[in-house]
Amino acid sequence: MSNSQTLTVDHDSRPVCFSTRFFRLIRQREAGLLLLISLTSVVVGIHDVRFFSVDVWRDILVRCAPTAIVACGVMLVVVTGEIDISVGSLMALLAAVMGRMLSEQEFDISCWIGIPVTLGLGTLIGVFTGSLVSMGRVPSIIVTLGLLTALRGLTTLMMGGKNIDRLPEGLTQVAKQGFLGVPISILAAAGVIGLTSVLIHHIPLGRRLYALGSSAESARMAGLSEVRLKLFAFGYTGFLTALATIVDVPRLPKIESGIGSEFELLVVTCVVVGGVAISGGQGRLIGVLLAVVLMTMIRPALTFMDIGEAGEKWTRAIQGMFILLAVVSDSLFSWRQRHSGKVHAA
Amino acid sequence: MPDTGGGRSYAWWHETVIAVLLVIVLQFAGWLVPGFLKLQSQLLLSRQLWEFAILALGMTLIIITGGIDLSVGSTMGLSAVVFGGVHSSSGSLMAASLACLATGLCCGAVNGALVSRLRLHPLIVTLATFAAYRGIAEGWSQGHSYSRFGDAFSDLARGSWLGVPLPGAIFVLMATGFAVFLSKTPYGRFLYAIGHNERAAKFSGISVNRIRFWLYTTSGLLAGLASLIYVARFDTAQADVGKGFELDVITAVVLGGTSIYGGRGTIPGTMLGLLLIHETRLLVSRYWGSDELRSIVIGCLLIVAVLACQLVSRKRRS
């Protein structure tokens, strides 16, 4: 506990003017995450200096890319006050559809048709989810829980118990080697992050999503359409999931039906650890991205700690510990801010 | 958008819809698969149901207060590993079983403490412990699986009492207890109050934090018990016990008419939800012989059932 407090509190112990303190308060989560990331890297780096090589970090970023892409979408969904836990199954379904369309052993359709169709299907399923949530008024956690189960079943049915391999040479080559030496998934992630950042900071639509999340009632009175905003947030998530599938899946040797299992929980975890309020209305993109890096770097870091097979098995435990550290330190901090009489927002 | 419950006239109508659906499924099953409805075969096939059913009891109470517990599956995994570890080092079944239950209790208490003391959102807390407990189980067991616990132990899952499978008997006793607790005791009614409006509940003198703490602790203890039954049924204890159970259990509870926003839900409803899922699964896997179809049907069932309820209740209200 005292450790986690020093992580976050020492930044604003000096008396400063209100606006500066306010900005520091907002940046708390990011600072804590950055500290955790650098601490982990330093500890691993001292143990084995090769951890700081370009190749290792390139590998870590490639692993981060699909999570970061999808997290941008899920973050917007959470900002509007909803949640999406179906992205892992959606990813599997899209991978199966894409694989069957493009694979040389199956339908062998050109990439120029297959990829847009995959993107379109992803967006369509996202919009469908959004319409159930906004027009059907079914709680989003239930819709996406149902889809999580149903889409996974659909995927297994489509794969028919076989794995799909032999994706077109061109696609796998591009996915592995990338463009001008930068892996394609990193490029895609950079593009998506740029787009989402512009969306949040410079386009009214982004601000409207935040407005909807902080108070649906006021947003409605201000004349915002809840249905349209939610359709957009879920559709965007679907689109990004398709994009993540397209850039990430061809790197794998074959497509199995188990792809993306528990991916949804990883993404939601990153969004939450990144400081997005689960009740909606607040959260910053940079925090989410830092959380993605933190969660993803644990496994590579453990392999560098030179404890062999045994180490990797602890990945999940350390992930869980970091999540707890992030949320507990945050809560301790905000607890001191507001007076303890307040009931937490459900 | 919380379900306000509405008038007395349709307080049970979600349960009625599920019961009708269940009857339809059973009729359909009896017609498609001869012998499906025989009590003997139903009891035989019920073995897969009990762990879910036990977890669902705790989950119902938690969701009624507006919370959620995503860590039950991971708690089962950790309890199973502890069971295996203690059994292989001490050789005593009794000590191992107690350790298994105690682990569940501790896991639940940690969740409860974080939710009630630090006032973190239950979804966040249990998402964290979902990863943490499974991670500790994986790290500690190192992929090793323990087995050979002896016949006496597997009787816990395979034995029967007055013709009823032993875990089934345990479940029925517990379900009765939970149902009475929820509907007849003040503390049970407090849960609904908390789910409807936590603030109002607090101001009317209900010790919300203490109740929350004990709820999550109970859920953990139930996960320990479920883990014990699971291990007895398969005679193996390893880190992946209970993987994916949390989502299935939540599906059953929500299907049974418990509002995910809290304030509404019953134990009989949850039992109907469990039965509906169980029978649908059995029917689909018996008739079409396909596990994939099963999850599609259940996923759609969940969405359609809740959608139908929303549509009908909206029409009633307006």
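Everything discussed here concerns the structure shown above.
As the structure is a prediction and not an experimental result, all values here were calculated from the model.

Caption draft 1: Inspection of the environment of Leu 157 of chain A at higher detail. Looking at the secondary structure, you find Leu 157 of chain A in helix H6 (residues 140-159). Among the residues examined, Leu 157 of chain A registers a relative accessible area of 38% and is labelled partly exposed. On a C-alpha basis, the gap between Leu 157 of chain A and Ser 257 of chain A in space is 9.1 Å, while along the polypeptide they are 100 residues apart. Excluding residues within four positions of it along the chain, Leu 157 of chain A makes contact with Ser 290, Glu 292, Leu 293 and Ile 296 of chain B.

Caption draft 2: Quick peek at the interface of chain B and chain A. Chain B puts 48 residues into the contact, and the matching count from chain A is 46 residues. Both faces considered, chain B and chain A share a buried interface measuring about 4300 Å² in area, 75% of it formed by carbon and sulfur atoms. Linking chain B to chain A there are one salt bridge. Residue Glu 138 of chain B is joined to Arg 316 of chain A by a salt bridge in which the shortest nitrogen-to-oxygen separation is 3.4 Å. The tally of links from chain B across to chain A stands at one residue pair in polar contact (both at pLDDT 80 or more). Broken down by secondary-structure element, the contributors of at least two residues to the side of chain B that touches chain A are helix H6 (122-141), helix H10 (198-203), helix H12 (245-255) and helix H14 (291-317) of chain B. Looking at the side of chain B that touches chain A, its residues break down into 27 nonpolar, ten polar and eleven charged.

Caption draft 3: Representation of the packing of aromatic side chains. All names here are of chain B. One pass over the structure, following the stated rule, counts 13 aromatic pairs over all chains. Aromatic pair Phe 83 and Phe 149: ring centres 5.0 Å apart, planes at 75°, arrangement edge-to-face. One end of the pair, Phe 83, is in helix H4 (residues 72-90); the other, Phe 149, is in the loop between strand S1 (146-147) and helix H7 (151-158), with 66 residues separating them in the sequence. Residue Phe 83 is classed as buried on the basis of its relative accessible area, which comes to 0%. Relative to Phe 153, the ring of Phe 83 has its centre 4.9 Å away and its plane inclined at 20°; by these criteria the two rings are stacked. Of this pair, Phe 83 sits in helix H4 while Phe 153 sits in helix H7; the two residues are 70 residues apart in sequence, bridging distant segments of the chain. Comparing Phe 83 with Phe 153 shows no difference in burial state: the two are buried.

Caption draft 4: The packing of helix H8 (residues 166-184) of chain B against helix H9 (residues 186-196) of chain B, seen in detail. Residue and element names in this part refer to chain B. Put simply, H8 and H9 touch, their axes get as near as 5 Å, and they point 70° apart. In terms of axis orientation, H8 runs roughly perpendicular to H9. Counted together, Phe 181, Leu 182, Ser 183 and Lys 184 of H8 and Pro 186, Tyr 187, Gly 188, Arg 189, Leu 191 and Tyr 192 of H9 form the full contact between these two elements. Its residues assigned to classes, the contact of H8 with H9 comprises six nonpolar, two polar and two charged.

Caption draft 5: Structural detail: unusual backbone geometry. Residue and element names in this part refer to chain B. Unlike most non-glycine residues, Gln 142 shows phi in positive territory, near 55°. Here Gln 142 is to be found in the loop between H6 and S1. In this structure Gln 142 comes out as partly exposed when scored by relative accessible area, which is 32%. Despite not being glycine, Arg 148 has its phi angle at roughly 60°, a positive value. In this structure, Arg 148 sits in the loop between S1 and H7.

Caption draft 6: Molecular detail of the pattern of salt bridges. Residue and element names in this part refer to chain A. All chains considered together, the criterion is met by 13 salt bridges over all chains. Salt-bridge contacts for Arg 284 lead to Glu 30; the nearest nitrogen and oxygen are separated by 3.1 Å. Residue Arg 284 is located in the loop between helix H12 (263-273) and helix H13 (285-304), and its partner Glu 30 is located in helix H2 (residues 18-47); the two are separated by 254 residues in the primary sequence. By relative accessible area, Arg 284 is classed as partly exposed at 30%. Residue Glu 30 is classed as buried on the basis of its relative accessible area, which comes to 8%. What you see here is one network of salt bridges that share partners, running through Glu 82, Glu 217, Arg 220, Glu 226 and Lys 230.

Caption draft 7: Region of the structure containing the nonpolar core. In this structure, Ile 69, Met 75 and Val 271 of chain A are the most contacted members of the largest nonpolar core, which totals 191 residues. Sorting elements by how many residues they give to this core places helix H3 (residues 54-79) of chain A first, with 15 residues. Leave out the neighbours within four places in its chain, and Met 75 of chain A touches Ile 200, Tyr 210, Val 271, Val 276, Gly 283, Arg 284, Leu 285 and Val 288 of chain A. If you look at the next biggest cluster of nonpolar residues, it comprises six residues, including Leu 78, Cys 107, Tyr 133 and Ala 137 of chain B.

Criteria and cut-off values
Residues numbered from 1 in each chain as written. Chains lettered and ligands numbered in written order. Predicted model: local features only at pLDDT ≥ 70, side-chain atom pairs only at ≥ 80, totals over all residues. Heavy atoms only, no water. Helix = DSSP H or I, 4+ residues; strand = E, 2+ residues; numbered from the N terminus. Buried < 20%, exposed > 50% of the residue type's maximum accessible area, 1.4 Å probe, protein only. Contact = heavy atoms within 4.5 Å. Buried area = accessible area lost by both parts, 1.4 Å probe. Salt bridge = Lys/Arg side-chain N within 4 Å of Asp/Glu carboxyl O. Polar contact = N/O pair within 3.5 Å; in protein donor to acceptor, adjacent residues only side chain to side chain. Nonpolar A, V, L, I, M, F, W, Y, C, P; charged D, E, K, R; others polar. Phe/Tyr/Trp six-rings, centres within 6.5 Å; stacked < 30°, edge-to-face > 60°. Axes fitted to C-alpha atoms, helices over the stretch in contact; angles between N-to-C directions. Parallel < 35°, antiparallel > 145°, perpendicular 65-115°, else oblique. Core = buried A, V, L, I, M, F, W, Y, C linked by side-chain atoms within 4.5 Å.

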